[in-house]
Structure formats: structure tokens, C-alpha cells
Amino acid sequence: MAERLNVNPTRMELKRLKTRLKMAVRGHKLLKDKSDEMIRRFMEFANQNKALREQVEVQLKSALTTFVVAKAVSDDAVIQEAVAMPSRSVKIELDSQNVMSVEVPLISVKASDEGDKYPYSFSGVTAELDNSVEVMNGLLESMVKLAEVEKTCNMLAIEIEKNRRRVNALEYVMIPQLEETIRFITMKLDENERSTIVRLVKVKAMLAEEV
């Protein structure tokens, strides 16, 4: 049985508590609907995160495999000289987007058009290194997107947990307390009304006897 609030059992207080209860029930419904929608959006991002992670792992494995092969058939000095200085630059732009009232990151990668994709002379290296560099160039954007989606999932998960606590507080604490207090005040007022009627009847009877 829920504990009732410590208030005076008056009609004014009863009216105020009924208004609070109505608002609490409406708030609970809105928060519950929001929670359901947030979970749905979270699952979308979680599925996207899973697909991106699998894609990145495949690309990374391919790049490392071809790089290991390139090192096996070339001198370490040649490999180090070939990849020591990048010939192109990238720019990371940070922004945000609103997902169910949660500001989540929006990250974009812009590669410079200046410079060659391969920062070395083709005559000095093998085709395996070319393949590794090619995969790595495409991997950066996928990794940045993966980081964006993972951060979004983490932020949504935190907000879902906060929202769940609010829903539970309304459902299991506040609303039962209000209902129990309203029931108590209603019972008290009814009891007082019955007592008043009994007193009035007695007074009327006494006045009738005097007459």
C-alpha cells in the first residue's frame, strides 16, 4: 500500500491533488511514449553500428593482410620511406543533430583534393602496398562514422535509462501516493459530512422537543 502525502484533508487540497494526479498521469503517458520511441531509434542506431563495425573489421583485416604481404616482399626501409609522409590531408567537421531531444554528434570527413593518393613512387613498391593504401583511404570515413554512431548509441542509452527512472518514479511512487492521499481525503470529507448531518439531526430533534 502506497504511503499518503502529509496534507490537510480539505476540499481545496483535494482539488489540488486531483489536478496533480491528472498531470502526473498525462506526464507518465508522454514519457512512456517517448521511452518507446527512443528505444526504437536506439535499435536502429544499434543495428547500424553492428553493420558498420563488421564492415570496418573486414576492411581493416584486408588492409593489414595486404600490408603484411607488402612488408614480406619489400625491405622495411622501402616501406617506411614510402608511407612516412602523407601527401593528402583530411578535415574533420563536428556538428550535432537532435534525436528525441538528445543532442548527438554529427561528424563529417572532407579529404583534400590536393596531392596524390599514393605518397610514393610506384617503381619502388609492390602492388600489395598499393592495395593496402587504397583500403586504408576508404577506411577512415567508415571509422569516423562508426565512432559517431557508437557515441549516439551511448548517449541514447543514458537518456533511455534516465527516462525509465522518471517513468518508474511516476508509476510506482508519485501516482500511487496521490491516489492514496485523494482516497484518504475523500473518506475524511465523507466522514465529516456524515458527522455534520448526524449533529444537525440531533439539534433538530432537540429543538422539536423544546417546542
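Rules used throughout
- Residues numbered from 1 in each chain as written.
- Predicted model: local features only at pLDDT ≥ 70, side-chain atom pairs only at ≥ 80, totals over all residues.
- Heavy atoms only, no water.
- Core = buried A, V, L, I, M, F, W, Y, C linked by side-chain atoms within 4.5 Å.
- Buried < 20%, exposed > 50% of the residue type's maximum accessible area, 1.4 Å probe, protein only.
- Helix = DSSP H or I, 4+ residues; strand = E, 2+ residues; numbered from the N terminus.
- Contact = heavy atoms within 4.5 Å.
- Phe/Tyr/Trp six-rings, centres within 6.5 Å; stacked < 30°, edge-to-face > 60°.
- Lys NZ or Arg CZ within 6 Å of the ring centre and 35° of its normal.
- Pairing = 2+ DSSP bridges.
- Patch = residues over 30% accessible without salt bridge, like charges linked within 9 Å, V, L, I, M, F, W, Y side chains within 5 Å.
- Areas by Shrake-Rupley, 256 points an atom, 1.4 Å probe, with all protein chains shown as cover.
- Salt bridge = Lys/Arg side-chain N within 4 Å of Asp/Glu carboxyl O.
- pLDDT = per-residue confidence, 0-100.

**Quick notes on the nonpolar core**
Of all hydrophobic cores here, the largest spans 13 residues; its most connected members are Met38, Phe45, Val99, Val102, Val149 and Leu156. Counting residues per element, the ones that place at least two in this core are helix 1 (11–73), strand 2 (102–111) and helix 3 (127–210). Examining the composition of this core, we find that six residues originate from one element, helix 3, more than from any other. Not counting chain neighbours up to four residues away, the residues in contact with valine 102 comprise Met38, Gln97, Met155, Leu156 and Glu159. Judged by nonpolar contacts, the second largest core, of 11 residues, contains Leu17, Ala24, Leu170 and Leu189.

**Regarding the side chain of glutamate 13**
Structurally, glutamate 13 can be placed in helix 1. For glutamate 13, a relative accessible area of 15% puts it in the buried group. Apart from the residues within four sequence positions on either side, glutamate 13 is in contact with Val7, Asn8 and Ile185.

**Topic: the packing of aromatic side chains**
Within a pair of aromatic rings, the relevant descriptors are the distance that separates the centres and the angle that separates the planes. Inspection of every chain in the model, using the stated rule, returns zero aromatic pairs. Over the aromatic face of phenylalanine 184 sits the side chain of arginine 4, whose NZ or CZ is 3.8 Å from the ring centroid.

**Re the pairing of strand 1 (residues 90–99)**
Bridge count between strand 1 and strand 2: 10 bridges; the pairing is antiparallel. The residue of strand 2 that forms the bridge with valine 90 is alanine 111. Linking strand 1 to strand 2, which pair antiparallel, is a turn of two residues; within it methionine 100 sits at a positive phi near 55 degrees.

**Considering a nonpolar patch on the surface**
Together, Leu60, Leu64 and Met136 line one region of the surface with nonpolar side chains, adding up to about 230 Å² of accessible area. Relative to the assigned elements, methionine 136 resides in helix 3.

**Digging into the confidence of the model for the chain**
Of all residues in the chain, 86% attain a pLDDT of 70 or more, and the chain-wide mean is 84. Here helix 2 (residues 76–83) is the element of the chain with the lowest mean pLDDT, 67, and helix 1 is the one with the highest, 91.

**Looking at the side chain of histidine 28**
By secondary structure assignment, the location of histidine 28 is in helix 1. A residue is classified by how much of its surface remains accessible, and histidine 28, at 18% relative accessible area, is buried. Dropping the residues within four chain positions of it, histidine 28 is found in contact with Val167, Leu170, Glu171 and Ile175.

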